[in-house]
Amino acid sequence: MYYDITSRQNISTLYSKKPLDRNWVISFFSSMKRIRNEAVRFLLDPSNLIWNPGNVYQELKTGNFGYLYVPYLDEDNGFSEMMDFIVGHVDYEDEELVRCVYLVAEQYKSGGDAYIDDKIYSDIAELKNPVSGIKNAEKTEEPVRSEKTVSEPERSGDMKTIYSCSEAIGDEFTDFWERPVKLRPEEKKHGKASGEEETKGGGLISFFSRMRNKDRKLRKEYEFESEAEPAVAEEIRYSDAETPYDKDSEGTVFVDLSADDGTRRLNSESGECLRVLNGESVVIGKKGEDADLVIDEKEISRMHARIFLKDEDYYVEDLNSTNGTFKNGVRLKPYEQKKLSKGDEIKLATKKLIFT
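Owing to the predicted nature of the structure, the values given are computational and were not obtained by experimental measurement.

K.L.:
Describe the sheet that holds strand β14 (residues 337-339), with residues and values.
P.N.:
Spatial strand order, β9-β8-β10-β11-β14: 5 strands in an open sheet with mixed pairing. Each having just a single partner strand, β9 (293-294) and β14 make up the two edges of the open sheet. When strand β10 (residues 305-310) meets strand β11 (residues 313-318), the two strands line up antiparallel, connected through 6 bridges. Residue Ala305 lies in a different strand from β11, and its bridge partner there is Asp318.

This is the structure we're talking about:
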């Protein structure tokens, strides 16, 4: 079967540096339900749809998803890989979303494809009209009770049921490392001193707090590493070390240009340094929120190409651009990767860059 993916990006590339928010998760699973229903309507087996993040595409302008269908698929369809991707890239600032995605992933591991036939969509639907959760619990005002005070066992009864169900699911995994994070908070000890702190590390709030801190740390490190460094001028070396340089003299200063400090740059055709490469992945395009190096020209795609480091060498990759990416005059296929050497010409449509 043929599917047109022109101008669309796979989501592993599109969301490699930004989190998946609540709207994206709802939109993806709604689209997933529609495409599976369409497959059944045309007498196709929905289990032949490919779900790994590298083969699910999204149109940048409209947000519509595109999927691949392989008849008689006899390999894994990649949905487990998709769930791992969503768990790893979800927005950890949204605690209700994190909890929902975490439980969906665990339910899929225990239920398999039978779970995604129906139940998964009702679980995701809870995100549209959430009735419980940490955020909502903080905003909901408790009714005023004049005489009766709700006891601690009554308030925590529902949560204990959730903890028990989660632990039962976790027991189904034979390998310890596959088991979910322990959700049940540690019990309070009676007779505790009034100023003594609670035991750290237990409960949902502690879990979300750790994930938020980890997410913030990774983002700060990425922002620090992504800051472009100014071009470093070549060190001037004199031909005669014993003779000091006199700026008033008419002598010519010898500059040794043969030294290579290993720093790689992307220069314009005129020689202007556009980006210093420090080992990070650099996406080139005309859409600022998705591109690290912005070239605002109409023939450039929103996410046109990517320069990245692999095994101590830099590579250029075309990101399914409309007008193509060329290395030394040879056009790359969509998502084809070519090794770069110093002095190579990279052409994005008609825009030329020099790798130095």
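K.L.:
Hey, could you go over helix α3 (residues 79-89) for me, with residue numbers and the actual values?
P.N.:
Note that an α-helix has 3.6 residues per turn; residues three or four places apart therefore point the same way. If you check which residues of α3 are buried, you get Phe79, Met82, Met83, Phe85 and Ile86. Along α3, the residues classed as buried sweep out an arc of 160 degrees about the axis, all on the same side. Tucked into the core, α3 has its buried residues touching α1 (11-14), α2 (22-41), α4 (95-111), α5 (113-116) and α6 (119-125).

K.L.:
Any details on the sheet that holds strand β4 (residues 65-66)? Residues and values, ideally.
P.N.:
Pairing between the strands of a sheet is mediated by backbone hydrogen bonds and can be parallel or antiparallel. Pairing is antiparallel across the open sheet formed by 3 strands, whose spatial order is β1-β3-β4. The two strands at the open ends of the sheet, each matched to only one other strand, are β1 (8-10) and β4. Bridging between strand β3 (residues 57-59) and β4 involves 2 bridges; their strand directions are antiparallel. Its bridge partner being in β4, Gln58 is matched across the sheet by Phe65.

The rules behind these values
Residues numbered from 1 in each chain as written. Predicted model: local features only at pLDDT ≥ 70, side-chain atom pairs only at ≥ 80, totals over all residues. Heavy atoms only, no water. Pairing = 2+ DSSP bridges. Helix = DSSP H or I, 4+ residues; strand = E, 2+ residues; numbered from the N terminus. Buried < 20%, exposed > 50% of the residue type's maximum accessible area, 1.4 Å probe, protein only. Arc of directions from axis to C-beta. Contact = heavy atoms within 4.5 Å.

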